[in-house]
Amino acid sequence: MRDQLNSSWDRFRGLADEKKEALSSALSIQNYHLECNETKSWIKEKTKVIESTQSLGNDLAGVMALQRKLAGMERDLEAIQGKLDDLKREEEKLAAEHPEQEAAILSRLSEIDGVWGDLRDTLKRREESLGEASKLQGFLRDLDDFQSWLSRTQTAIASEGAATSLADAEKLLAQHENIKKEIDNYRPDYERMRGLGEEVTQDQTDAQYMFLHQRLQALDTGWNELSQMWENRHNLLAQVYGYQIFLRDVKQAEGFLNNQAYLLSHTEMAGTLELAEAAIKKHEDIMTTMEANEERINSVVDSGKKLMSEGNVNTDKIQDKVDSIDKRHRGNRKTADDLAGRLKDNLELQKFLQDCQELTLWINEKMLTAQDMSYDEARNLHTKWQKHQAFMAELASNKEWLDKIDKDGKQLISEKPDTEPIVEEKLGDLQQLWDELESTTKTKAQCLFDANRTELFTQSCADLDLWLDELDAQLQSDDHGKDLTSVSILLKKQQILENQMQVREKELEGLKNQAQALGQEDANVVEVDAKQGRVQERFQELLRPVKERRSNLMASKEGHQFNRDLEDEILWVNERLPLATSTDHGNNLPTVQLLIKKNQTLEKEIQGHQPRIDDIGERGETLAVAGRVDSEILRARLGDLQETWRDLKEETDRRDRRLQESQKAQQFYFDAAEAEAWMGEQELHMMSEERAKDEPSAMAMVKKHQVVEQSLEDYAQTIHQLSNLSRNLLTNSHPESDRITLRQSQVDKLYAGLKDLAEERREKLQERLRLCQLKREVDDLEQWIAEREIVAGSHELGQDYEHVTMLRDKFREFARDTSSIGQERVDSVNRLADEQIDLGHPENATIAEWKDGLNEAWADLLELIDTRTQMLAASYELHSFYHDARDTLDRVQEKEKQLPEEMGRDLNTVERMDRMHTTYEHDIQALSAQVKQVQDDAAHLRSAYAGEKAEDIQRHEDNVVEAWNALLAASRGRKQLISDSVEKFRFFNLVRALMLWMDDVNRQMDAQEKPRDVSSADLTIKNHQGIKSEIDARNDSFTASIEMGNALLDKNHHASDEISEKLSQLQERRKEINDKWKDKEDWLQLVMEVLQFGRDASVAEAWLASQEPYVRAGEVGSSVDDAENLIKRHEGFEKAAAAWDERFSALEKLTTLEQQEIQRKREEEERKAIPPSPPTPRVSVTTEDGLESASPSGQNQVTRDGDLVNHLEVIAQNGVHPDTESQLVSDASEAADGTGPESRKENVPALKTPQPSPRPRLDSSQLTKAQDAATVQLEGILCRKHEWESHSKKASSRSWQNVYCVLRNRSLGFYKDSKNAASGIPYHGEVPVSLTDAVCEVAHDYKKRRSVFKLRLSEGKEFLFQAKDEAEMNSWIDLVGRSISTSQEDRHAITPQGLTRAMTMPPISPNSGETVTLRRDKDGKEKDREKRFSFFKKK
């Protein structure tokens, strides 16, 4: 059955699939036929469109419309071609799938191919029939292409970047030049297009042709703007290029300047003449280089100034660079000049030093010659004398060398004071050496003279006679020179002769001295004096001829010099005279101006030469008066010179006057020719018949004519100046007066005719301008109306609300602007047309036709605007409803999405959410008005629309209402949930606050210090009672919290489990804190009772100890009086003891703690006596003492008892152990009053519980130790430092202090000195420290001091002690260690077996005989405070 069902199902599916394939195939064929029909209809429609263009192409508007249609047609044809390709592929596929229908499928495509061919043929024929329209279409296309290129080129020029380097500037400039080449290449196209455009639009009045004419004018403007943009950009790039070149040159100049500065700063002063000369040469090379580079630097500065004068865009930067370069250049120049001066000064100093050195060497060399005394032989004595005379003459001639050096040195000092020390030292050394040389020379001369005086004297006189003969022969010559050169040579020889005479004069003085010496020693005195007198007489006779010859030579030189100067001046005057007498006055203005400049130059030369002429005249008069030359010839030559000079000056003045007259005439002819040429150009412009084709050209022509008229009016001043010039020339009787009068009359006539032509042309241009303005207004308004008609005739009503709103707003603005602006413009054009008609304009008919056409177009536009406004209003109303509905729905859904799911984790968050939800509800309430408005709008629109529109309106309304109801329901649910969460978190906060408070109370009870005396126990109990008061004050809060929790549980809150859990935790915790407080209260009462007992027992023990010496005294008296006194005293003691009986009886009563201990032991014995029973399911807790507790309170009580026992043990261990003294006191009491332990038992008959175990008695060793407890083991002064206050807290004061330390058996006390130690006054009131569980060892980790050991106590305190040496430190460490060990042994040996009364004793200070409690005041000092709560009276 199943198989049959499956096979049937498979067969059914197969049939269904076959049916589906058949239907799909049929659908494909039907779709193919449908697409064929649509394509065929499409092609036919396009064919009709092409055929409808037959009426177009008759005018420019038709051609432009046809151009647009053909462009759209070409795009449609491409789409049709793509559709045909798809149909062909579909045809092949369907023909293969349906061979039976192949013929029908192919026939449909064949029909489409036929229609497609007809369309293409129709389009081809239409294109061929266009003719001139096709040509015009090509022109328009070319015009579009050219304007596109023009726009791109302008953009390219405007978007060129800025150069940042010279390479970039060159690149941009090259690119800009390429753009220029491209512009030049397009110039023929522009001219061709411009000519074709003028040809097309010539004599055309159609609006489209006028628009084409405007495009051509815009093309001209764009072309001119392109050229102007290129020029502006080229200027900018050229400026940038110049600036980059300037920067390159600046960089090079800065390199030069840096190199110069480096070389100048690294030049040092030389120490020798050669190095100084080398430094000068090097500096000269540097200066040469600087001079060579100066031109380049100056060129950089000049180029920068040139760029700034040209208005470069980087003027500020160029100014900075120029200033920097110029400043550095001047600085280097100044530095170089200063360095050159210093180098020259150094060179002069080195030269001076070199001269000094050379003179020093020469003096030393001559000193060796002067010191030579080898003249003992008589045969060479005269030769030596002669040599010595020559040596002395050499010294005398070289004395000028020394004088010159001295003079140079003093001059050097005066010019360079800083060289004074060196120069003075050198000069002093030289003078000293020179004096030594002269002294040595004179000594040697005296010695030689003394050796052979007579012979030497005779020989010297003979030599002088011979020289005087030669001198006389020279003076006899009459040769005084034939010219200036020979006279100069003779003067030089005369100077040499005079120098020789000065030397010989000194020799004569030497001979005179020798003669005097010989006259004293020799007998032949007369002969010696005769020889010396004869030589002296001849020498004196020759002095006058020498002076006369010198004066004759000077006179001869002066005469020859005057003759040469006179000839030179006559020659100079004769050379300038032809220039002054020239008759060339020039044929034009430039030539005359050049001749005037040359004549002015000649006058300046004459003025500059006048002083020389005057000087020659004065010198000639001086020579004539002196009679050195022929005065008549001299005066004649001077007269010729003066006459020629006066002629030259007069001719120069006359030529200047002639040139000035010629310049005035030529200036008038030049100005008249310029005026005639300018007026001729203006006359041609005035006679032009050019007519403006549009308003811009007419306006340009009017403005141009106004400029011409203004220039014509301005030129009247020039004509007036020319007339005044001609009148001045005629008044001055100029040689060319007739010619000047004729030229002036021609200029006046030409100017008057030009003004008449200008007035006529202005009238014509004004008429043409008014007509063009009217035409432009009409065309602009008609075009504006046509553009507005396209907008007003649009059938687009908007796709959505935004679109229709935009259309409505824009159309409203459009209608408002059209109505206001259009009406005003139409009225203005009508008014202008009426004015032109009323004025009788030649084109009245044309103006009237323009006016009528404009008014008809305006009326049609207003009608279209009204229709369009009504259609947009209806569309806006419908789309506004759709938009409002969608917007309301979106806002409702958005609000629903904004509803958060999170409820917050604490009260603040939930309350904030509650406030946010309240705001949210206010926000959604604002949506209700929108929902209501949507419903109202839907009702209104349903009455106006039907069918699908009405259903769509209803659907939008239903969606909004449904979403709104859902939003309200969600908001209410959210509000309820937030309210419940607020209540829950408020309850949780109350519970948390109470829990935290209970934790704080618990910490306070745990943090209470364990009382160590009655006063601290009393204070602790009061604090504990304060905690109880606080607990009672919180009862209202607990009640309110519990009530709030129960109320939430009654409301079935969504968080009931959490609330129930929190409520249970609060109640349990409250019960625990109450139980804990009660247990702590019971424990504190026990501690208080024990502490009071301990205090009273200490007082009793102290009394017993004070009375024990009296009781034990064995004195019975030695007399009756003594015995009576002792009896009275004993009676007093018995009375006192009777008074203490009540107190001791109170002490014998058991404390609550002892009763509890007895009860515990009794229960334990009873439990041991009961046979074991089978285990029960009850849970029990066993304590450390073996007790079993069945409840938390019982366990807590046991724990408190254990704590109490431990606390009391600590109290007993802090002071002297009570067993060591109280036992001794009790034994003494038993011996005194005959009581013992049995009497104590009898005092407690009411207690039927077992008695406490007896206290352990001390053996002899323990007693010995107890007696040695107060024995001092070691004492001395140590230096102490308190390091640690506790395990985790350092001491507040860690300075080293000297203290007196006393070591007893189990404690270490600190005192100021031994006296205070004996008196028991501790250091700063410090209690002796217990050595129990202490550690004493060497402080290896402390390196600052030697011999230091440390003591660390059990509670964490740590002290450092410094001994005076290692031995003392080891002694202290050893004894302290023994004391620590002894303390540990005692603690183990005297450990009580059970709780005894000794354990209830308070601590006793080892230094006090009485029991006191210590406390500290505000200053840290301890004070004694008496015990309170005692039934003992003060003594």
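Here the structure is a predicted model, which is why all the values come from computation and not from measurement. (Residues numbered from 1 in each chain as written. Predicted model: local features only at pLDDT ≥ 70, side-chain atom pairs only at ≥ 80, totals over all residues. Heavy atoms only, no water.)

Considerations on the overall build of the chain
Here is the rule we go by: Secondary structure counts use DSSP, requiring at least four H or I residues in a row for a helix and at least two E residues in a row for a strand, with both numbered from the N terminus. Working definition: with a 1.4 Å probe on protein chains only, accessible area under 20% of the residue-type maximum means buried, over 50% means exposed, and in between means partly exposed. Throughout, a contact is declared for two residues whenever any of their heavy atoms are within 4.5 Å. Each accessible area is a Shrake-Rupley result for a 1.4 Å probe, and residues are judged covered by the shown protein chains and nothing else.
The number of helices and strands found in the chain is 32 helices and 12 strands. Counting across all 1435 residues of the chain, residues that qualify as buried make up 35%. If you take every contact in the chain between residues at least 6 apart in sequence, the share linking residues at least 24 apart comes to 78%. Counting every atom, the chain has about 84,800 Å² of accessible surface; 50% of that belongs to carbon and sulfur.

Some details on the packing of aromatic side chains
For clarity, the threshold we go by: Paired rings are identified among Phe, Tyr and Trp, the last through its six-membered ring, by centres lying within 6.5 Å, and are further divided according to the angle between planes into stacked (under 30 degrees), edge-to-face (over 60) and tilted (the rest).
A complete count under the given rule lists 25 aromatic pairs for this structure. Here W678 and Y715 contribute two aromatic rings whose centre-to-centre distance is 4.2 Å and whose plane-to-plane angle is 15°, an arrangement assigned as stacked. In this pair, W678 sits in helix α15 (residues 631-686) while Y715 sits in helix α16 (residues 695-731), placing the two residues 37 residues apart along the sequence. For Y715, a relative accessible area of 15% translates into the label buried. On the basis of an interplanar angle of 35° and a centroid distance of 6.2 Å, the ring pair of F1359 and F1361 is categorised as tilted. On the basis of relative accessibility, which here comes to 5%, the residue F1359 falls in the buried class. Residue classification places F1361 among the buried positions, given a relative accessible area of 1%.

Examining helix α25 (residues 1120-1148)
Keep this limit in mind: Every helix has an expected span of 1.5 Å times one less than the residues it contains. Axes are fitted to the seven residues ending at a residue and to the seven starting at it; the angle between these axes is taken as the bend at that residue.
With 29 residues, α25 ought to run about 42 Å at 1.5 Å a step, and its terminal C-alpha atoms sit 40 Å apart, in line with that. Where α25 bends most, at W1140, the angle is about 35°. Within the span of α25, buried status applies to F1133, W1140, R1143, L1147 and E1148.

Here's the deal with the pattern of salt bridges
Which entries qualify depends on this criterion: By definition here, a salt bridge exists when the distance from a side-chain nitrogen of Lys or Arg to a carboxyl oxygen of Asp or Glu is within 4 Å.
Per the counting criterion, the structure on display carries 35 salt bridges. With its nearest N and O atoms 3.9 Å apart, the salt bridge here joins D184 to K180. Pair noted here: D184 and K180 are both in helix α5 (residues 166-201), with a separation of four residues, about one helical turn. The exposure class assigned to K180 is partly exposed, which follows from its relative accessible area of 22%.

Digging into the packing of helix α22 (residues 1014-1033) against helix α24 (residues 1056-1112)
Filter applied, for reference: For helices, the axis comes from a line fit to the C-alpha atoms of the stretch in contact; other axes are also lines fit to C-alpha atoms, and the angle between any two N-to-C directions lies between 0 and 180 degrees. Note on terminology: angles under 35 degrees are roughly parallel, angles over 145 are roughly antiparallel, angles of 65 to 115 are roughly perpendicular, and the others are oblique. Handedness of a crossing follows from how the near helix is turned relative to the far one, being left-handed for an anticlockwise turn of less than a right angle and right-handed for a clockwise one.
Two elements in contact, α22 and α24, have axes separated by 9 Å at closest approach and are oriented at 160°. Classified by the angle their axes make, α22 and α24 are roughly antiparallel. Crossing hand, α22 versus α24: left-handed. Of α24, the residues touching α22 (which contributes V1014, A1017, D1018, T1020, I1021, H1024, Q1025, I1027, K1028 and I1031) are N1074, W1077, K1080, E1081, L1084, Q1085, M1088, L1091, Q1092 and R1095.

Some words on the pairing of strand β6 (residues 1307-1311)
Strand residues, when the strand is regular, have side chains that alternate between the two faces of the sheet. To be explicit about the condition: In short, DSSP must find at least two bridges between two strands for them to pair.
In terms of burial, β6 is a largely internal element, five of the five residues being buried. Every second residue of β6 is oriented toward a common face, with S1307, G1309 and Y1311 on one face and L1308 and F1310 on the other, all of them buried. Sheet topology note: the strand β5 (residues 1297-1303)/β6 ladder contains four bridges and is antiparallel. By the bridge assignment for β6, L1303 is matched with L1308. Pairing geometry for β6 and strand β7 (residues 1329-1330), over two bridges, is antiparallel. Bridge pairing in β7 links L1308 to V1329.

What about the packing of α24 against α25?
Packed helices, taken two at a time, are described by the angle between their axes plus the distance between the axes. Under the convention used in this document: Charged residues are taken to be Asp, Glu, Lys and Arg, nonpolar residues to be Ala, Val, Leu, Ile, Met, Phe, Trp, Tyr, Cys and Pro, and polar residues to be all remaining types, Gly included.
Closest axis-to-axis distance for the α24/α25 pair is 11 Å, and the angle between their directions is 160°. Relative to α25, the element α24 lies roughly antiparallel. Taken as a pair, α24 and α25 cross one another with a handedness that is left-handed. Contacts between α24 and α25 pair F1093, D1096, A1097, V1099, A1100, W1103, L1104, Q1107, Y1110 and V1111 from the former with L1126, R1129, H1130, F1133, A1136, A1137, W1140, F1144 and L1147 from the latter. Of the residues assigned to the contact of α24 with α25, the class counts are 15 nonpolar, two polar and two charged.

A closer look at a negative patch on the surface
The test is simple: Each patch groups residues whose relative accessible area exceeds 30% and which form no salt bridge, using 9 Å between like charges and 5 Å between nonpolar side chains of Val, Leu, Ile, Met, Phe, Trp and Tyr. Positive residues here are Lys and Arg, negative ones are Asp and Glu, while His and the chain termini are left out of the count. Each charge is placed at NZ for Lys, CZ for Arg, CG for Asp and CD for Glu.
A cluster of like negative charges, contributed by E849, D852, E856, D860, E863 and D866, occupies part of the molecular surface. For D852, the location among the structural elements is in helix α19 (residues 844-898).

Comments concerning the nonpolar core
Put simply, the rule reads: Each nonpolar core is a collection of buried residues, namely Ala, Val, Leu, Ile, Met, Phe, Trp, Tyr and Cys, held together in the definition by side-chain atoms within 4.5 Å.
Counting 24 residues, the largest nonpolar core has F987, M998, V1001 and L1066 as the members making the most contacts within it. Secondary-structure elements contributing two or more residues to this core are α20 (907-944), α21 (948-1007), α22, α23 (1035-1050) and α24. Among residues more than four places away in sequence, those in contact with M998 are F1038, L1066, R1069, R1070 and I1073. Counting residues in each nonpolar core, the second largest holds 23 residues, with F1310, V1329, L1331 and F1349 among its members.

Regarding the state of the cysteines
Filter applied, for reference: Two cysteine sulfur atoms make up a disulfide if the distance between them is within 2.5 Å.
This structure, assessed with the given rule, holds zero disulfides. Note on C1301: no disulfide assigned, nearest cysteine sulfur contributed by C1279 at a separation of 9.8 Å.

Points about the environment of F139
Note that F139 resides in helix α4 (residues 132-158). What makes F139 buried here is its relative accessible area of 3%. As for F139 and G197, which are separated by 58 residues in sequence, their C-alpha atoms are 8.2 Å apart.

A look at the pairing of strand β9 (residues 1348-1352)
Along β9, four of the five residues are buried, which leaves the element largely enclosed by surrounding structure. For strand β8 (residues 1335-1338) and β9, the ladder comprises four bridges, and the chain directions are antiparallel. Following the sheet pairing, E1337 is matched in β9 by K1350. As judged from the five bridges shared by β9 and strand β10 (residues 1358-1362), these two strands associate in the antiparallel manner. For K1350, the partnering residue across the bridge sits in β10 and is L1360. A loop of five residues connects β9 with β10, the two strands running antiparallel in sequence, and G1356 in this loop sits at a positive phi of about 110°.

Examining the confidence of the model for the chain
Applied cut-off: A score between 0 and 100, pLDDT records how confident the predictor is in each residue.
Residue-level pLDDT values for the chain average 75, and 82% of them are 70 or greater. For residues 1174-1270, every residue scores under 50 in pLDDT, and the model assigns this stretch 110 contacts once sequence neighbours within four places are set aside. Counted against residues more than four places away or in other chains, residues 1389-1435, with its pLDDT under 50, gives 96 contacts.

So, the environment of T583
Along the polypeptide, T583 turns up in the loop between α13 (525-580) and α14 (589-626). In this structure, the C-alpha to C-alpha distance between T583 and R658, residues 75 residues apart in sequence, is 9.0 Å.

Let's talk about helix α1 (residues 2-51)
End to end, α1 covers 73 Å across 50 residues, agreeing with the expected 74 Å (1.5 Å per residue, within 8%). Buried within α1 we find S25, I29, Y32, H33, C36, T39, I43, K46, T47 and I50.

Re the side chain of R788
As for its placement among the helices and strands, R788 is situated in helix α17 (residues 737-792). One buried charged residue, R788, forms no salt bridge at all, with the nearest opposite charge on D817 at 5.4 Å. Non-local contacts of R788, meaning those with residues more than four positions away in its chain, are made with F814, D817, T818 and L861.

So, the environment of E558
With respect to the element layout, E558 can be found in helix α13. For E558 and L484, which are 74 residues apart along the polypeptide, the C-alpha to C-alpha distance reads 8.6 Å.

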